[in-house]
Amino acid sequence: MSRPEKFRYRKEKKISIQFGEEKQDFLLIALSARQTEQAMNEAQECFQKQTKNLTQASEAISDLYLLQERAMLEELFLIGEMDALRAKAEKTLVQDGEDYEERLQKKIGKLKEQRKEELVETSTEELVTVITQREINSQREQLWYYNTLVASLSQALHDEEGKSVFLSMEELKEELAPEQIDQLLEIWLEFLNTRGNAQVFPEPCTFKG
């Protein structure tokens, strides 16, 4: 699921969703500042509950990694280092010529091998600690992103008369199947990217388009 890259203010959009054999029409209305704040508060509350469980699961995740081969752990560790290695490589190369990307990849490969040699001094337990924390952080980020999207969607979704369909994100998740939520989220993301979020207004902008 791609993230909204930028926002342009506006508005509302009619959408039709196929739920099995039934087709249902909705209206998406960009959130006001007040609605945005309400959605973020609800997302935060849900996020805190979920991350508490995630933290408790970190020990089990760590134990699973400790059962893996050392070579696999090193590869997982290096995968997590790739962004940093690429940034380091880019600083040492002049970005010109058609062979730039090829030279960049070679440089990244050399830096990766150097980093791999340095791992000899790192214990398996230390590797597992880093890998586990990275996974926990990644899952936390994904949970927060998903919760904010669902919470804002629950505020934005209206019937054809402009009446809110759901009172909260929890109600939305209780009423809709996961695949239905995913379908709506894709449309909501497209709406955010192309229509924007009227966060500067005390009430949703009613201009249609």
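These figures come from a predicted structure and were not determined experimentally. (Residues numbered from 1 in each chain as written. Predicted model: local features only at pLDDT ≥ 70, side-chain atom pairs only at ≥ 80, totals over all residues. Heavy atoms only, no water.)

A. Region of the structure containing the environment of L54. Residue placement: L54 occurs in helix α1 (residues 33–66). Judged by its relative accessible area of 10%, L54 is buried. (Helix = DSSP H or I, 4+ residues; strand = E, 2+ residues; numbered from the N terminus. Buried < 20%, exposed > 50% of the residue type's maximum accessible area, 1.4 Å probe, protein only.)

B. Structural view of α1. Along its 34 residues, α1 runs 47 Å from first to last C-alpha, staying within 8% of the 50 Å computed at 1.5 Å per residue. The sharpest bend along α1 measures roughly 35° and falls at A57. Q35, T36, A39, E42, A43, C46, F47, T51, L54, I61, S62 and Y65 are the residues of α1 that are buried. The secondary structure elements touched by the buried residues of α1 are α2 (70–91), α4 (124–156) and α5 (169–175). (Expected span 1.5 Å × (residues − 1). Bend = angle between axes of the 7 residues up to and from the residue. Contact = heavy atoms within 4.5 Å.)

C. Representation of the packing of aromatic side chains in the model. By the definition in use, this model includes two aromatic pairs. Here the aromatic rings of W188 and F191 are separated by 5.4 Å at their centres, their planes lie at 15°, and the arrangement is stacked. Of the two residues, W188 and F191 both sit in helix α6 (residues 178–194), three residues apart, roughly one turn of that helix. Note on W188: relative accessible area 1%, which makes it buried. When the ring centre of F77 is taken as reference, the NZ or CZ atom of R134 above it lies at 4.7 Å. (Phe/Tyr/Trp six-rings, centres within 6.5 Å; stacked < 30°, edge-to-face > 60°. Lys NZ or Arg CZ within 6 Å of the ring centre and 35° of its normal.)

D. Looking closely at the sheet that holds strand β3 (residues 157–158). Pairing within the open sheet is antiparallel, and its three strands lie in the order β1-β2-β3. Strands at the two margins of the open sheet, each flanked by one partner only, are β1 (12–19) and β3. Packed on one face of the sheet, α6 meets β1, β2 (22–29) and β3 and runs near 155° to β1. (Pairing = 2+ DSSP bridges. Axes fitted to C-alpha atoms, helices over the stretch in contact; angles between N-to-C directions.)

E. Inspection of the pairing of β1 at higher detail. Relative to β2, β1 runs antiparallel, the two sharing eight bridges. Looking at the pairing, K13 lines up with L28 of β2. Remark: two residues form the turn of the hairpin made by β1 and β2, two consecutive strands paired antiparallel; G20 in that turn has positive phi of roughly 70°.

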